[in-house]
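Chain by chain, the residues run as shown.
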Amino acid sequence: METVFPLWNPVTLPVSGSDKRFPVRRVFCVGRNYAEHAREMGHDPDRDPPFFFIKPADSIAQNGAAIAYPPLTQSLHHEVELAAAIGSDARDLTPDAAEAAVFGYAVAIDLTRRDLQAEAKSLSRPWEVGKTFDGSAPCGSIHPVGRAGHPRAGAISLQVNQETRQQGDLAQMIWSVPEVVSRLSQLFGLKAGDLIFTGTPSGVGAVEPGDRLHASIEGLSHLAVSIAAPAQGQGSGP
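Reading the values: rules and limits
- Residues numbered from 1 in each chain as written.
- Predicted model: local features only at pLDDT ≥ 70, side-chain atom pairs only at ≥ 80, totals over all residues.
- Heavy atoms only, no water.
- Helix = DSSP H or I, 4+ residues; strand = E, 2+ residues; numbered from the N terminus.
- Rg over C-alpha atoms; globule rule 2.2 N^0.38 Å.
- Buried < 20%, exposed > 50% of the residue type's maximum accessible area, 1.4 Å probe, protein only.
- Pairing = 2+ DSSP bridges.
- Salt bridge = Lys/Arg side-chain N within 4 Å of Asp/Glu carboxyl O.
- Patch = residues over 30% accessible without salt bridge, like charges linked within 9 Å, V, L, I, M, F, W, Y side chains within 5 Å.
- Areas by Shrake-Rupley, 256 points an atom, 1.4 Å probe, with all protein chains shown as cover.
- Core = buried A, V, L, I, M, F, W, Y, C linked by side-chain atoms within 4.5 Å.
- Contact = heavy atoms within 4.5 Å.

Trainee: Quick question: what am I supposed to make of the overall build of the protein here?
Mentor: Helix and strand content of the protein: six helices and 18 strands. Relative to the compact-globule value of 18 Å for 238 residues, the protein shows a C-alpha radius of gyration of 17 Å, a close match. By principal-axis analysis of the C-alpha atoms, the protein measures approximately 50 × 45 × 35 Å. Going through the 238 residues of the protein one by one, you find that 48% of them count as buried.

Encoded structure:
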């Protein structure tokens, strides 16, 4: 197949215990899946069906990356999350069947331009401008289910410059991973390579250039990234 310009390299993530890599197709993110985080964002937690937004695969940042502070924001926030990696195509799954579609799990961070997100909300516009930019989806190694099982509980936390900012437990999710995967499979045909970020506990806050972020979930490899100065010519950060 001849293309009008060279094809880009696919985005991949390391797989724990293997030389093979996980090719990333799409990144789906669940909004407000922990009760205390919903409250800190000014919403009442409830059991309405979960809602989603999408980041492109090339928003992934690898473990150890230095992520340029994004343009047009003065309020870049961290959100530590459990990521579920889909390993097979699936549609209209029941919660009982959903776990079979999961290849593995990883620690992830949803970076958010909070001021742009808030502005979009106030104007009843989509959130993507606040959620999607280069490096907005750091993600660690994928731990296959055969090695890590299906984590239903366990400590989840994030530190900034060795100071704990977020601390919770996976058991505090409003919607469990099987419920999230099931609902998403009703909205979209899931594809092997999809990642699902499953929400963040309370304690989200701002980061600045020079900050070092360390995210962890019990039983999974840690994720560490840093925030670098804005890319040349993109405008200043805080």
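From this point, the discussion proceeds with the structure in view.
Trainee: Would you take a moment to explain the sheet that holds strand S16 (residues 205–207) for this structure?
Mentor: Strand pairing in a sheet is mediated by backbone hydrogen bonds. Such pairs are either parallel or antiparallel. Taken in spatial order, the three strands make up an open sheet running S10-S7-S16, and their pairing is antiparallel. One side of each edge strand has no neighbouring strand; the edge strands of this open sheet are strand S10 (112–113) and S16.

Trainee: I would appreciate a short explanation of the pattern of salt bridges in the present structure.
Mentor: When their charged atoms lie close together, side chains carrying opposite charge are able to pair. Following the criterion strictly, the structure yields seven salt bridges and no others. The shortest N-O distance in the salt bridge between arginine 26 and aspartate 194 comes to 2.8 Å. Of this pair, arginine 26 sits in the loop between strand S2 (21–23) and strand S3 (27–30) while aspartate 194 sits in the loop between helix H6 (177–187) and strand S15 (195–197), and the two are 168 residues apart along the sequence. Its relative accessible area of 22% is what places arginine 26 among the partly exposed residues. Take aspartate 194: its relative accessible area is 0%, and that puts it in the buried class.

Trainee: Sorry, what's going on with a nonpolar patch on the surface here?
Mentor: Nonpolar side chains collect at one region of the surface, where Met1, Val4, Phe5, Leu7 and Trp8 lie side by side and expose about 760 Å² of accessible area between them. One can find valine 4 in the segment before strand S1 (12–14).

Trainee: So what exactly am I meant to see when it comes to the pairing of S3 here?
Mentor: Here is the key point about a regular strand: its side chains alternate between the two faces of the sheet. Alternating residues of S3 divide into Val27 and Cys29 and Phe28 and Val30, and every residue in both groups is buried. Relative to strand S4 (residues 52–55), S3 is paired through four bridges, and the arrangement is antiparallel. When the bridges of S4 are listed, valine 30 appears paired with phenylalanine 52. Judged from the three bridges that link them, S3 and S15 form a sheet pairing that is parallel. Bridge pairing in S15 links valine 27 to leucine 195.

Trainee: How should I be thinking about the nonpolar core in this particular structure?
Mentor: Note that soluble globular proteins tend to have their nonpolar side chains buried in a common cluster. Core analysis: the largest hydrophobic core is formed by 43 residues, its most contacted members being Leu82, Ile109, Leu111, Val181, Ile196 and Leu213. Contributions of two or more residues to this core are made by S3, strand S8 (80–86), strand S9 (102–109), strand S13 (155–160), H6, strand S17 (212–217) and strand S18 (223–228). Counting residues in hydrophobic clusters, the runner-up holds 19 residues, among them Phe53, Ala106, Trp127 and Cys139.

Trainee: I would appreciate a short explanation of H6 in the present structure.
Mentor: Each α-helix turn comprises 3.6 residues. Residues three or four places apart therefore point the same way. Regarding H6, the residues found buried are Val177, Pro178, Val180, Val181, Ser182, Leu184 and Ser185. Elements in contact with the buried residues of H6: S3, S4, S8, helix H2 (95–98), S9 and S15.

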